[in-house]
Amino acid sequence: MIFRRLFGFLGKDLAMDLGTANTLLYTPKDGIILNEPSVVAIDAHDGSIIAVGKEAKDFLGRTPERIRAIRPLKDGVIADFEVTKEMISFFIKKAITGMSLIKPRIVICVPTGITQVEKRAVIESALQAGSREVKLVEEPMAAAIGAGLPIEEPVGNMVVDIGGGTTEVAVISLSAVAYAESVRVAGDEMNDAIQRYFQDTHQLLIGENMAERVKMTLGTAMPIGEQLQGEVSGKNLVNGTPKSILVTDAEIREAISEPVSHIVTAVRRSLEKTPPELVGDIARNGLLLAGGGALLKGLDQLISQETNLNVIVDEEPLSTVVRGTGRTLDVPKLYGKVYIN
(Lines give C-alpha, C1' and ligand atoms only; values in the text may rest on other atoms or scores of the structure.)
Protein backbone atom coordinates (compact mmCIF):
# COMPACT_ATOMS: atom_id res chain seq x y z
CA MET A 1 0.00 0.00 0.00
CA ILE A 2 2.82 2.38 0.86
CA PHE A 3 4.56 1.43 -2.38
CA ARG A 4 1.41 2.22 -4.38
CA ARG A 5 1.03 5.62 -2.68
CA LEU A 6 4.67 6.55 -3.28
CA PHE A 7 4.79 5.25 -6.83
CA GLY A 8 1.18 5.61 -7.99
CA PHE A 9 2.37 6.53 -11.46
CA LEU A 10 3.48 2.91 -11.99
CA GLY A 11 -0.07 1.65 -12.32
CA LYS A 12 -3.66 2.83 -12.50
CA ASP A 13 -7.00 1.30 -11.70
CA LEU A 14 -9.41 1.96 -14.55
CA ALA A 15 -13.15 2.01 -15.09
CA MET A 16 -14.32 1.29 -18.63
CA ASP A 17 -17.64 1.94 -20.34
CA LEU A 18 -17.21 -0.39 -23.30
CA GLY A 19 -20.04 0.91 -25.44
CA THR A 20 -21.32 0.05 -28.89
CA ALA A 21 -20.90 3.67 -29.98
CA ASN A 22 -18.18 5.03 -27.67
CA THR A 23 -15.65 3.72 -25.16
CA LEU A 24 -14.79 5.79 -22.09
CA LEU A 25 -12.01 5.28 -19.55
CA TYR A 26 -12.01 6.77 -16.06
CA THR A 27 -9.58 6.81 -13.15
CA PRO A 28 -10.49 7.78 -9.56
CA LYS A 29 -7.72 10.38 -9.56
CA ASP A 30 -8.13 12.01 -12.98
CA GLY A 31 -11.78 11.38 -13.94
CA ILE A 32 -12.50 10.68 -17.60
CA ILE A 33 -9.20 10.26 -19.41
CA LEU A 34 -10.44 8.84 -22.71
CA ASN A 35 -13.64 9.15 -24.75
CA GLU A 36 -13.41 7.70 -28.25
CA PRO A 37 -15.72 6.02 -30.78
CA SER A 38 -15.73 2.20 -30.65
CA VAL A 39 -14.56 1.92 -34.24
CA VAL A 40 -11.54 0.15 -35.74
CA ALA A 41 -10.15 0.48 -39.28
CA ILE A 42 -8.35 -2.64 -40.50
CA ASP A 43 -6.45 -3.68 -43.61
CA ALA A 44 -8.67 -6.20 -45.42
CA HIS A 45 -5.62 -7.93 -46.93
CA ASP A 46 -3.60 -8.80 -43.83
CA GLY A 47 -5.95 -7.86 -40.94
CA SER A 48 -3.57 -5.28 -39.49
CA ILE A 49 -4.95 -2.33 -37.51
CA ILE A 50 -4.77 0.98 -39.38
CA ALA A 51 -6.66 3.28 -37.01
CA VAL A 52 -8.73 3.13 -33.81
CA GLY A 53 -11.24 5.51 -32.26
CA LYS A 54 -11.85 9.02 -33.61
CA GLU A 55 -9.56 8.58 -36.59
CA ALA A 56 -11.22 5.28 -37.55
CA LYS A 57 -14.72 6.78 -37.28
CA ASP A 58 -13.80 9.36 -39.91
CA PHE A 59 -13.14 6.40 -42.23
CA LEU A 60 -16.76 5.14 -42.04
CA GLY A 61 -18.27 5.24 -45.52
CA ARG A 62 -15.08 6.73 -46.98
CA THR A 63 -12.71 3.75 -47.21
CA PRO A 64 -11.24 2.18 -50.34
CA GLU A 65 -11.77 -1.54 -50.87
CA ARG A 66 -8.51 -2.37 -49.06
CA ILE A 67 -9.64 -0.78 -45.75
CA ARG A 68 -12.63 -1.78 -43.61
CA ALA A 69 -13.93 0.49 -40.84
CA ILE A 70 -15.95 -1.66 -38.44
CA ARG A 71 -17.67 -1.52 -35.08
CA PRO A 72 -16.49 -4.62 -33.19
CA LEU A 73 -19.36 -4.37 -30.70
CA LYS A 74 -22.96 -4.86 -31.74
CA ASP A 75 -26.05 -4.42 -29.57
CA GLY A 76 -23.86 -3.85 -26.51
CA VAL A 77 -21.87 -7.08 -26.81
CA ILE A 78 -18.72 -8.25 -28.56
CA ALA A 79 -19.32 -9.23 -32.19
CA ASP A 80 -15.65 -9.56 -33.18
CA PHE A 81 -13.48 -10.86 -30.35
CA GLU A 82 -10.06 -10.30 -31.93
CA VAL A 83 -10.76 -6.75 -33.11
CA THR A 84 -12.33 -5.87 -29.74
CA LYS A 85 -9.24 -7.14 -27.96
CA GLU A 86 -7.04 -4.93 -30.15
CA MET A 87 -9.31 -1.93 -29.54
CA ILE A 88 -9.33 -2.40 -25.76
CA SER A 89 -5.56 -2.85 -25.78
CA PHE A 90 -5.11 0.34 -27.83
CA PHE A 91 -7.30 2.39 -25.49
CA ILE A 92 -5.67 1.03 -22.32
CA LYS A 93 -2.17 1.71 -23.63
CA LYS A 94 -3.20 5.19 -24.74
CA ALA A 95 -4.66 5.90 -21.30
CA ILE A 96 -1.65 4.68 -19.28
CA THR A 97 1.23 5.56 -21.59
CA GLY A 98 4.53 5.06 -19.78
CA MET A 99 2.83 3.38 -16.80
CA SER A 100 3.18 -0.30 -17.68
CA LEU A 101 5.22 -1.58 -14.71
CA ILE A 102 2.03 -2.44 -12.84
CA LYS A 103 -0.86 -3.74 -14.92
CA PRO A 104 -4.16 -1.95 -14.21
CA ARG A 105 -7.16 -3.42 -12.46
CA ILE A 106 -10.26 -2.73 -14.57
CA VAL A 107 -13.98 -2.58 -13.86
CA ILE A 108 -16.08 -2.80 -17.04
CA CYS A 109 -19.83 -2.14 -17.28
CA VAL A 110 -21.92 -4.55 -19.35
CA PRO A 111 -25.62 -4.83 -20.36
CA THR A 112 -27.93 -6.63 -17.94
CA GLY A 113 -28.91 -9.22 -20.54
CA ILE A 114 -25.34 -10.34 -21.23
CA THR A 115 -24.77 -14.12 -21.39
CA GLN A 116 -22.02 -16.06 -19.61
CA VAL A 117 -20.25 -16.55 -22.96
CA GLU A 118 -20.36 -12.81 -23.61
CA LYS A 119 -19.12 -12.06 -20.08
CA ARG A 120 -16.18 -14.40 -20.66
CA ALA A 121 -15.38 -12.65 -23.94
CA VAL A 122 -15.29 -9.22 -22.26
CA ILE A 123 -13.09 -10.47 -19.40
CA GLU A 124 -10.67 -12.33 -21.68
CA SER A 125 -10.39 -9.32 -24.01
CA ALA A 126 -9.39 -7.06 -21.10
CA LEU A 127 -6.98 -9.61 -19.62
CA GLN A 128 -5.29 -10.21 -22.96
CA ALA A 129 -5.12 -6.45 -23.48
CA GLY A 130 -2.89 -6.15 -20.41
CA SER A 131 -5.03 -5.81 -17.27
CA ARG A 132 -4.24 -7.85 -14.17
CA GLU A 133 -7.81 -8.20 -12.87
CA VAL A 134 -11.22 -7.61 -14.44
CA LYS A 135 -14.58 -7.10 -12.72
CA LEU A 136 -17.97 -6.46 -14.29
CA VAL A 137 -20.86 -4.25 -13.20
CA GLU A 138 -24.26 -3.94 -14.88
CA GLU A 139 -24.82 -0.70 -16.81
CA PRO A 140 -27.99 0.49 -15.05
CA MET A 141 -26.37 -0.16 -11.66
CA ALA A 142 -23.36 1.88 -12.75
CA ALA A 143 -25.67 4.65 -14.01
CA ALA A 144 -27.51 4.76 -10.67
CA ILE A 145 -24.22 5.02 -8.78
CA GLY A 146 -22.94 7.68 -11.18
CA ALA A 147 -26.07 9.78 -10.64
CA GLY A 148 -25.75 9.49 -6.88
CA LEU A 149 -28.95 7.52 -6.28
CA PRO A 150 -29.27 5.84 -2.85
CA ILE A 151 -28.95 2.30 -4.23
CA GLU A 152 -27.97 0.78 -0.87
CA GLU A 153 -31.26 1.81 0.78
CA PRO A 154 -34.50 -0.25 0.74
CA VAL A 155 -36.02 2.17 -1.77
CA GLY A 156 -36.88 1.60 -5.43
CA ASN A 157 -34.76 3.53 -7.94
CA MET A 158 -35.57 3.31 -11.66
CA VAL A 159 -32.87 3.85 -14.26
CA VAL A 160 -33.20 4.00 -18.06
CA ASP A 161 -29.80 3.97 -19.79
CA ILE A 162 -30.03 4.51 -23.56
CA GLY A 163 -26.73 3.77 -25.25
CA GLY A 164 -25.71 3.05 -28.81
CA GLY A 165 -26.69 -0.61 -29.03
CA THR A 166 -28.98 -1.27 -26.07
CA THR A 167 -31.49 0.40 -23.79
CA GLU A 168 -31.20 -0.82 -20.20
CA VAL A 169 -34.21 -0.42 -17.91
CA ALA A 170 -33.74 -1.45 -14.29
CA VAL A 171 -35.28 -1.05 -10.86
CA ILE A 172 -32.65 -1.07 -8.11
CA SER A 173 -33.02 -1.53 -4.36
CA LEU A 174 -30.62 -2.63 -1.60
CA SER A 175 -27.64 -2.59 -4.02
CA ALA A 176 -29.28 -5.20 -6.23
CA VAL A 177 -31.37 -5.22 -9.40
CA ALA A 178 -34.98 -6.02 -8.48
CA TYR A 179 -36.10 -6.07 -12.11
CA ALA A 180 -34.22 -5.43 -15.34
CA GLU A 181 -34.88 -5.48 -19.04
CA SER A 182 -32.40 -4.99 -21.86
CA VAL A 183 -33.73 -4.22 -25.32
CA ARG A 184 -31.44 -4.05 -28.31
CA VAL A 185 -32.98 -0.83 -29.59
CA ALA A 186 -31.13 2.43 -28.95
CA GLY A 187 -29.12 5.13 -30.71
CA ASP A 188 -27.80 2.95 -33.54
CA GLU A 189 -31.30 1.74 -34.37
CA MET A 190 -32.41 5.38 -34.64
CA ASN A 191 -29.53 6.06 -37.06
CA ASP A 192 -30.57 3.06 -39.17
CA ALA A 193 -34.20 4.24 -39.16
CA ILE A 194 -33.13 7.69 -40.39
CA GLN A 195 -31.12 6.13 -43.23
CA ARG A 196 -34.09 3.96 -44.27
CA TYR A 197 -36.44 6.95 -44.12
CA PHE A 198 -34.35 9.03 -46.53
CA GLN A 199 -33.88 6.08 -48.83
CA ASP A 200 -37.61 5.25 -48.96
CA THR A 201 -39.08 8.76 -48.84
CA HIS A 202 -36.54 10.90 -50.68
CA GLN A 203 -34.56 8.32 -52.70
CA LEU A 204 -31.51 9.69 -50.93
CA LEU A 205 -28.71 7.46 -49.69
CA ILE A 206 -26.90 8.91 -46.66
CA GLY A 207 -24.02 7.55 -44.62
CA GLU A 208 -23.93 6.44 -40.99
CA ASN A 209 -22.14 9.57 -39.78
CA MET A 210 -24.62 11.85 -41.58
CA ALA A 211 -27.56 9.96 -40.05
CA GLU A 212 -26.07 10.44 -36.58
CA ARG A 213 -25.58 14.17 -37.14
CA VAL A 214 -29.19 14.50 -38.33
CA LYS A 215 -30.41 12.68 -35.19
CA MET A 216 -28.37 14.92 -32.91
CA THR A 217 -29.39 18.21 -34.55
CA LEU A 218 -32.96 17.55 -35.72
CA GLY A 219 -34.09 14.50 -33.75
CA THR A 220 -37.04 14.93 -31.39
CA ALA A 221 -39.26 12.42 -29.60
CA MET A 222 -42.25 14.79 -29.57
CA PRO A 223 -42.98 18.37 -30.72
CA ILE A 224 -40.84 20.80 -28.71
CA GLY A 225 -42.54 24.11 -29.53
CA GLU A 226 -40.15 25.33 -32.22
CA GLN A 227 -39.51 24.00 -35.69
CA LEU A 228 -36.01 22.80 -36.48
CA GLN A 229 -34.69 22.39 -39.99
CA GLY A 230 -31.43 21.52 -41.68
CA GLU A 231 -29.82 20.41 -44.92
CA VAL A 232 -29.07 16.74 -45.51
CA SER A 233 -26.65 15.66 -48.24
CA GLY A 234 -26.15 12.28 -49.85
CA LYS A 235 -26.37 10.34 -53.11
CA ASN A 236 -29.41 10.37 -55.38
CA LEU A 237 -30.55 6.75 -55.68
CA VAL A 238 -32.12 7.41 -59.09
CA ASN A 239 -29.06 8.60 -61.00
CA GLY A 240 -26.18 8.43 -58.49
CA THR A 241 -25.53 12.19 -58.45
CA PRO A 242 -25.02 14.30 -55.29
CA LYS A 243 -28.26 15.56 -53.77
CA SER A 244 -29.17 17.86 -50.88
CA ILE A 245 -32.58 18.43 -49.36
CA LEU A 246 -34.00 20.58 -46.57
CA VAL A 247 -35.79 18.62 -43.84
CA THR A 248 -37.55 19.46 -40.57
CA ASP A 249 -37.65 17.91 -37.13
CA ALA A 250 -41.15 16.58 -37.89
CA GLU A 251 -39.74 14.32 -40.60
CA ILE A 252 -36.95 13.02 -38.39
CA ARG A 253 -39.46 12.46 -35.58
CA GLU A 254 -41.47 10.32 -37.98
CA ALA A 255 -38.32 8.45 -39.03
CA ILE A 256 -37.33 7.46 -35.49
CA SER A 257 -40.84 6.97 -34.11
CA GLU A 258 -40.59 3.16 -34.13
CA PRO A 259 -37.36 2.81 -32.06
CA VAL A 260 -38.53 5.55 -29.70
CA SER A 261 -41.81 3.68 -29.24
CA HIS A 262 -39.89 0.48 -28.42
CA ILE A 263 -37.95 2.31 -25.69
CA VAL A 264 -41.10 3.80 -24.13
CA THR A 265 -42.79 0.39 -24.26
CA ALA A 266 -39.82 -1.20 -22.44
CA VAL A 267 -40.16 1.39 -19.67
CA ARG A 268 -43.90 0.77 -19.30
CA ARG A 269 -43.42 -3.00 -19.34
CA SER A 270 -40.80 -2.74 -16.60
CA LEU A 271 -43.19 -0.74 -14.43
CA GLU A 272 -45.88 -3.38 -14.95
CA LYS A 273 -43.53 -6.14 -13.77
CA THR A 274 -42.12 -4.25 -10.77
CA PRO A 275 -43.54 -4.94 -7.25
CA PRO A 276 -46.06 -2.27 -6.16
CA GLU A 277 -44.03 -1.04 -3.17
CA LEU A 278 -41.10 -0.26 -5.45
CA VAL A 279 -43.39 1.40 -8.01
CA GLY A 280 -44.63 3.63 -5.19
CA ASP A 281 -41.04 4.65 -4.44
CA ILE A 282 -40.43 5.39 -8.12
CA ALA A 283 -43.60 7.50 -8.27
CA ARG A 284 -42.23 9.63 -5.41
CA ASN A 285 -38.59 9.79 -6.53
CA GLY A 286 -38.89 9.82 -10.31
CA LEU A 287 -37.03 8.02 -13.09
CA LEU A 288 -33.40 8.63 -14.06
CA LEU A 289 -32.58 8.95 -17.76
CA ALA A 290 -28.93 8.42 -18.75
CA GLY A 291 -26.80 7.56 -21.78
CA GLY A 292 -26.44 9.37 -25.10
CA GLY A 293 -30.07 8.67 -25.97
CA ALA A 294 -31.14 10.82 -23.03
CA LEU A 295 -30.06 13.82 -25.11
CA LEU A 296 -32.80 13.21 -27.69
CA LYS A 297 -34.96 16.33 -27.47
CA GLY A 298 -38.35 15.74 -25.84
CA LEU A 299 -37.70 12.11 -24.87
CA ASP A 300 -37.91 12.87 -21.16
CA GLN A 301 -41.24 14.64 -21.72
CA LEU A 302 -42.59 11.74 -23.78
CA ILE A 303 -41.65 9.13 -21.16
CA SER A 304 -43.14 11.33 -18.44
CA GLN A 305 -46.36 11.70 -20.43
CA GLU A 306 -46.63 7.94 -21.03
CA THR A 307 -45.78 6.82 -17.47
CA ASN A 308 -47.01 9.69 -15.24
CA LEU A 309 -43.54 9.81 -13.68
CA ASN A 310 -41.17 12.68 -13.08
CA VAL A 311 -38.26 12.02 -15.47
CA ILE A 312 -34.84 13.35 -14.47
CA VAL A 313 -32.08 13.60 -17.08
CA ASP A 314 -28.62 13.28 -15.56
CA GLU A 315 -26.49 16.43 -15.82
CA GLU A 316 -23.88 14.60 -17.92
CA PRO A 317 -25.73 11.61 -19.39
CA LEU A 318 -22.89 10.57 -21.70
CA SER A 319 -20.59 9.89 -18.75
CA THR A 320 -23.07 8.74 -16.07
CA VAL A 321 -22.21 5.05 -16.51
CA VAL A 322 -18.43 5.39 -16.53
CA ARG A 323 -18.53 7.74 -13.51
CA GLY A 324 -20.58 5.17 -11.62
CA THR A 325 -18.23 2.38 -12.66
CA GLY A 326 -15.35 4.50 -11.38
CA ARG A 327 -17.12 5.08 -8.06
CA THR A 328 -16.92 1.34 -7.38
CA LEU A 329 -13.14 1.81 -7.43
CA ASP A 330 -13.39 4.96 -5.30
CA VAL A 331 -15.50 3.39 -2.54
CA PRO A 332 -15.06 -0.41 -2.83
CA LYS A 333 -16.46 -1.10 0.67
CA LEU A 334 -19.76 0.53 -0.26
CA TYR A 335 -20.07 -0.58 -3.87
CA GLY A 336 -17.94 -3.74 -4.10
CA LYS A 337 -20.97 -6.00 -3.80
CA VAL A 338 -22.45 -4.72 -7.11
CA TYR A 339 -19.92 -6.72 -9.16
CA ILE A 340 -21.50 -9.60 -11.05
CA ASN A 341 -18.63 -11.90 -12.11
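Residues numbered from 1 in each chain as written. Predicted model: local features only at pLDDT ≥ 70, side-chain atom pairs only at ≥ 80, totals over all residues. Heavy atoms only, no water.

The name recorded for the protein chain in an unreviewed UniProt entry is Cell shape-determining protein MreB, from Desulfobaculum bizertense DSM 18034. What UniProt states about the protein chain under its Subunit (unreviewed entry) heading is, verbatim, "Forms polymers." Under the heading Subcellular location (unreviewed entry), UniProt records this for the protein chain: "Cytoplasm". (UniProt positions renumbered as here; feature names shortened; annotations may be inferred.)

A.B. asks: Would you mind going over the overall build of the protein chain with me for this structure?
C.D. replies: When helices and strands are tallied, the protein chain shows 13 helices and 18 strands. Computed over the C-alpha atoms, the radius of gyration of the protein chain is 21 Å, within 12% of the 20 Å expected from 2.2 N^0.38 for a compact globule of 341 residues. Scored against the burial criterion, the 341 residues of the protein chain give a buried share of 55%. Nonlocal contacts in the protein chain, meaning residues at least 24 apart in sequence, comprise 61% of its contacts between residues at least 6 apart. Looking at the protein chain as shown, the accessible area adds up to about 15,700 Å², and 51% of this sits on carbon and sulfur atoms. Treating the 36 positive side-chain charges of the protein chain as one cloud and the 44 negative ones as another, the clouds have centres 6 Å apart. (Helix = DSSP H or I, 4+ residues; strand = E, 2+ residues; numbered from the N terminus. Rg over C-alpha atoms; globule rule 2.2 N^0.38 Å. Buried < 20%, exposed > 50% of the residue type's maximum accessible area, 1.4 Å probe, protein only. Contact = heavy atoms within 4.5 Å. Areas by Shrake-Rupley, 256 points an atom, 1.4 Å probe, with all protein chains shown as cover. Lys, Arg positive; Asp, Glu negative; His and termini not counted. Charge placed at Lys NZ, Arg CZ, Asp CG, Glu CD.)

A.B. asks: Which parts of the structure should I look at to understand the nonpolar core?
C.D. replies: One broad trend across soluble globular proteins is that nonpolar side chains are buried collectively. In terms of nonpolar packing, the biggest core is built from 43 residues, with Ile 194, Phe 198, Val 260, Leu 287 and Leu 289 touching the most fellow members. Looking at which element gives the most residues to this core, the answer is helix H9 (residues 257–273), with six residues. Here this core spans two domains, and each of domain 1 (150–185 + 257–315) and domain 2 (187–255) adds at least three residues to it. Ignoring sequence-local partners within four residues, the contact set of Ile 194 consists of Ile 206, Ala 211, Val 214, Lys 215, Ile 252, Ala 255 and Ile 256. Of all hydrophobic cores here, the second largest spans 30 residues; its members include Val 40, Ile 42, Phe 91 and Ile 114. (Core = buried A, V, L, I, M, F, W, Y, C linked by side-chain atoms within 4.5 Å. Domains from an automatic or database assignment.)

A.B. asks: Would you mind showing me how to read the packing of helix H5 (residues 139–146) against helix H12 (residues 320–330) here?
C.D. replies: The relative placement of two packed helices comes down to the angle between their axes together with the axis-to-axis distance. Running from amino to carboxyl end, H5 crosses H12 at an angle of 85°, the nearest separation of the two axes being 7 Å. Classified by the angle between their axes, H5 and H12 sit roughly perpendicular to one another. Where H5 abuts H12, its residues Glu 139, Ala 142, Ala 143, Ile 145 and Gly 146 lie against Thr 320, Val 321, Arg 323, Gly 324, Thr 325, Arg 327 and Thr 328. Class assignment of the residues belonging to the contact of H5 with H12 gives a composition of four nonpolar, five polar and three charged. (Axes fitted to C-alpha atoms, helices over the stretch in contact; angles between N-to-C directions. Parallel < 35°, antiparallel > 145°, perpendicular 65-115°, else oblique. Nonpolar A, V, L, I, M, F, W, Y, C, P; charged D, E, K, R; others polar.)

A.B. asks: Would you mind showing me how to read the sheet that holds strand S5 (residues 49–52) here?
C.D. replies: Hydrogen bonds between backbone atoms are what pair the strands of a sheet, whose relative direction is either parallel or antiparallel. Read from one edge to the other, the open sheet built from three strands follows the order S5-S4-S6, with strand pairing classed as antiparallel. Edge strands, defined here as strands with exactly one partner in the open sheet, are S5 and strand S6 (67–70). For this sheet, the mean angle separating the axes of adjacent strands, direction not counted, is 20°. In this structure, strand S4 (residues 40–43) lies alongside S6, joined through four bridges in antiparallel fashion. Paired with Ala 41 across the strands is Ala 69, a residue of S6. The sheet strands contacting helix H3 (residues 81–95) are S4, S5 and S6, and the helix crosses S5 at an angle near 55°. (Pairing = 2+ DSSP bridges.)

A.B. asks: Any chance you could explain empty space enclosed by the protein here in plain terms?
C.D. replies: One way to see where empty space is left: roll a probe the size of a water molecule over the atoms. For the structure shown, the criterion picks out one cavity of 30 Å³ or more. The space that makes up the largest cavity amounts to roughly 40 Å³. In this structure, the largest cavity is lined by Leu 18, Leu 73, Gly 76, Ile 108, Cys 109, Val 110, Pro 111, Ile 114 and Val 122. Here the lining of the largest cavity is composed, by residue class, of eight nonpolar, one polar and no charged. (1 Å grid on protein atoms, 1.4 Å probe; cavity = no way out; pocket = protein on both sides within 12 Å on 5 of 7 lines; lining within 4 Å. Points joined across faces, edges and corners; volume = space filled by probe spheres on them.)

A.B. asks: Where do I start with the packing of helix H6 (residues 187–202) against H9 in this structure?
C.D. replies: Two numbers describe how H6 lies on H9: the axes approach to 8 Å, and their chain directions differ by 155°. When the axes of H6 and H9 are compared, the pair comes out roughly antiparallel. Residues Glu 189, Met 190 and Ala 193 of H6 lie in contact with H9, whose contacting residues are Pro 259, Val 260 and Ile 263. Of the residues contributing to the contact of H6 with H9, the split by class is five nonpolar, no polar and one charged.

A.B. asks: Can you help me understand the environment of Gln 301 in this one?
C.D. replies: Its location among the elements puts Gln 301 in helix H11 (residues 299–307). Accessibility expressed as a relative area gives 43% for Gln 301, which makes it partly exposed. The spatial distance from the C-alpha of Gln 301 to the C-alpha of Val 311 is 7.4 Å, given a sequence separation of 10 residues.

A.B. asks: In this structure, what is going on with the packing of aromatic side chains? I would like to understand it.
C.D. replies: The relative placement of two aromatic rings is captured by the distance of their centres and the angle of their planes. Under the definition given, this model contains two aromatic pairs. Taken together, a centroid distance of 5.9 Å and an interplanar angle of 65° make the contact between Phe 90 and Phe 91 edge-to-face. According to the relative accessible area criterion, Phe 90 is partly exposed, its value standing at 35%. Judged by its relative accessible area of 0%, Phe 91 falls in the buried class. Ring centres 5.8 Å apart and planes at 85° place the aromatic pair Tyr 197 and Phe 198 in the edge-to-face group. (Phe/Tyr/Trp six-rings, centres within 6.5 Å; stacked < 30°, edge-to-face > 60°.)

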